[in-house]
Amino acid sequence: MNEVIKQLQNRRSVREFTGEKVKDEDLKLILETAQRYSNWAHGQQTSLIVVRDKEKIKKIAELSGGQKHIEAADVFILILIDFYRVVYAVESIGGEISIPKSVEGLMIGTGDAGIMVNAIQTAAESLGYGTTTIGGVRVNPDAIAEMFDLPEYVFPVFGTTIGVPAENKLKSLKPRVPFESFAFEEKYDKKKVKEGVEKFEKDYRKWWDENGLPEVPSYKETMKKYYSNYVKENYQKTEETLRKQGFIQK
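This is a predicted model, so every value here is computed, not measured.

## Quick notes on the overall build of the protein chain
Here is step 1 of the chain: When helices and strands are tallied, the protein chain shows nine helices and four strands.
Here is step 2 of the chain: For 250 residues, the compact-globule estimate of 2.2 N^0.38 gives 18 Å, and the C-alpha radius of gyration of the protein chain, at 20 Å, lies within 12% of that figure.
Here is step 3 of the chain: Dimensions along the principal axes, computed over C-alpha positions, put the protein chain at roughly 60 × 45 × 40 Å.
Here is step 4 of the chain: By the burial criterion, 38% of the 250 residues in the protein chain qualify as buried.
Here is step 5 of the chain: Within the protein chain, counting contacts between residues at least 6 apart in sequence, those at least 24 apart form 76% of the total.
Here is step 6 of the chain: When the accessible area of the protein chain is evaluated, it comes to approximately 15,200 Å², of which 52% is carbon and sulfur surface.
Here is step 7 of the chain: When the 38 positive and 38 negative side-chain charges of the protein chain are each reduced to one mean point, those points stand 4 Å apart.

Here's what the structure looks like:
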């Protein structure tokens, strides 16, 4: 197994940091590497805001649903869907586009942002840093947009922490659903998905118990919490702010 595969297979979310600084030269290398990410039509419809000011990071933690672990990170990077760049490029030669106002535009921007956050984290982790994706920036996207002076056609879709990881207290990597219920040959298999869920329900419960956290809910209960109530109650401003920023008008 080569070192790249080994790193990717051992990837974990890090929520505890030592407080040590991310080296300036490392941060620059991470950002320059991430800029080489794959993107739709070479439009490069993502931008980053790099935050090192501890008061701003504390405010981001508050706006992201009170996620205290964000405060411990040395760096926070806000990943933006950015069609401002593309709109300007087209309008500067007398053209006109409506893609940010369509569902397809949102799909393109979100897809590119997902690739970008993975590129940032992979580069950071290769240098020994820990990261965690923060979708909570969409809990109060209006306040985030105001805080960072985001223009029309720009939306904060993810964030990521970066810091020196503290000692890992977990005994093993968090499990995943069975491989055969994740990667199918030739067509989707509903039966394997259902069987995979049932097996994973037991595996996930066992993993939490082995790590001394029996109070953590099972996979099914966790999904019920997040997709029945949590998203509805905590992400109410997403669509409103998207429209305010010039997206999904059609």
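## A few points about a nonpolar patch on the surface
Here is step 1 of the chain: On the surface, Met1, Val4, Ile5 and Leu8 cluster together into a nonpolar patch covering about 400 Å² of accessible area.
Here is step 2 of the chain: Counting through the fold element by element, Val4 comes out in helix α1 (residues 3-9).
Here is step 3 of the chain: On the basis of relative accessible area, Val4 is assigned to the exposed category, the value being 53%.

## A few points about the pairing of strand β2 (residues 75-82)
Here is step 1 of the chain: The buried count for β2 comes to eight of eight residues, which makes it a mostly enclosed element.
Here is step 2 of the chain: By the alternation rule, side chains of β2 split into Val75, Ile77, Ile79 and Ile81 and Phe76, Leu78, Leu80 and Asp82, which are all buried.
Here is step 3 of the chain: Judged from the six bridges that link them, strand β1 (residues 46-51) and β2 form a sheet pairing that is antiparallel. Bridging across to β2, Thr46 finds its partner in Ile81.
Here is step 4 of the chain: Strand direction decides the pairing type here: β2 and strand β4 (residues 154-163), joined by eight bridges, are antiparallel. Across the sheet, Leu80 pairs through a bridge with Pro156, a residue of β4.

## A short note on the packing of helix α2 (residues 24-34) against helix α5 (residues 103-126)
Here is step 1 of the chain: Relative orientation of the contacting elements α2 and α5 amounts to 140°, with a least axis distance of 9 Å. Classified by the angle between their axes, α2 and α5 sit oblique to one another. In this structure, α2 crosses over α5, and the sense of that crossing is right-handed. For the pair α2 and α5, the contacting residues are Ile30, Thr33 and Ala34 in the first and Met116, Ala119, Ile120, Ala123 and Ala124 in the second.
Here is step 2 of the chain: Among the residues making up the contact of α2 with α5, the classes are represented as seven nonpolar, one polar and no charged.

## Some details on the environment of Ala72
Here is step 1 of the chain: The residue Ala72 is located in the loop between α3 (54-63) and β2 in this model.
Here is step 2 of the chain: Distance in space between the C-alpha atoms of Ala72 and Asp203 is 31 Å, their sequence separation being 131 residues.

## Considerations on the environment of Val231
Here is step 1 of the chain: Mapped onto the elements of the fold, Val231 is located in helix α8 (residues 219-234).
Here is step 2 of the chain: Taking relative accessible area as the criterion, Val231 reaches 37% and is therefore assigned partly exposed.
Here is step 3 of the chain: Along the backbone, Val231 and Ser38 are 193 residues apart, and their C-alpha atoms lie at a distance of 29 Å.
Here is step 4 of the chain: Discounting residues that sit within four places of it in the chain, Val231 has contacts with Tyr226 and Gln236.

## So, the UniProt feature "domain: Nitroreductase" (unreviewed entry) in the protein chain
Here is step 1 of the chain: In the UniProt entry, the feature "domain: Nitroreductase" (unreviewed entry) is given for residues 9-70 and 111-163.
Here is step 2 of the chain: Helix makes up 35% of residues 9-70 and strand 10%. Its end C-alpha atoms lie 24 Å apart.
Here is step 3 of the chain: Helix makes up 43% of residues 111-163 and strand makes up 28%, while its end C-alpha atoms are separated by 25 Å.

How each quantity is defined
Here the residue numbering is sequential within each chain, running from 1 through the sequence in written order. The predicted origin of the model limits local features to residues at a pLDDT of at least 70 and limits the giving and counting of side-chain atom pairs to 80 or more, whereas totals for whole chains, interfaces and linings rest on all residues. In computing side-chain properties, one takes all heavy atoms of the structure into account and sets aside hydrogens as well as water. Strands are runs of DSSP state E lasting at least 2 residues, helices are runs of H or I lasting at least 4, and numbering of each runs from the N terminus. With the radius of gyration taken over C-alpha atoms, the globule rule is written as 2.2 Å times the number of residues to the power 0.38. Partly exposed residues are those whose accessible area sits between 20% and 50% of the maximum for their type, while under 20% is buried and over 50% is exposed, using a 1.4 Å probe and protein chains only. By definition in these notes, contact holds between two residues if any of their heavy atoms fall within 4.5 Å. Surface accessibility in these figures is a Shrake-Rupley result with a 1.4 Å probe; residues are shielded only by whichever protein chains are displayed. Charged-residue counts in this description rest on Lys and Arg as positive and Asp and Glu as negative, His and the chain ends being excluded. Every charge is mapped to an atom, namely NZ of Lys, CZ of Arg, CG of Asp or CD of Glu. Any residue with relative accessible area above 30% and no salt bridge may belong to a patch, with like charges joined within 9 Å and the nonpolar Val, Leu, Ile, Met, Phe, Trp and Tyr side chains within 5 Å. When a carboxyl oxygen of Asp or Glu lies within 4 Å of a side-chain nitrogen of Lys or Arg, that pair is called a salt bridge. By definition, two strands form a pair when at least two bridges between them are found by DSSP. A fitted line through C-alpha atoms serves as each axis, taken over the contacting stretch for helices, and the angle formed by two N-to-C directions is quoted from 0 to 180°. With respect to orientation, any angle under 35 degrees is reported as roughly parallel, any angle over 145 as roughly antiparallel, any angle of 65 to 115 as roughly perpendicular, and every other angle as oblique. Each helix crossing is assigned a hand: it is left-handed if the near helix lies turned anticlockwise from the far helix by less than a right angle, otherwise right-handed if that turn is clockwise. Residue classes follow a fixed rule: Ala, Val, Leu, Ile, Met, Phe, Trp, Tyr, Cys and Pro count as nonpolar, while Asp, Glu, Lys and Arg count as charged, and any other residue, Gly among them, counts as polar. UniProt positions are given in the numbering used here, feature names are shortened, and annotations may be inferred rather than shown by experiment.

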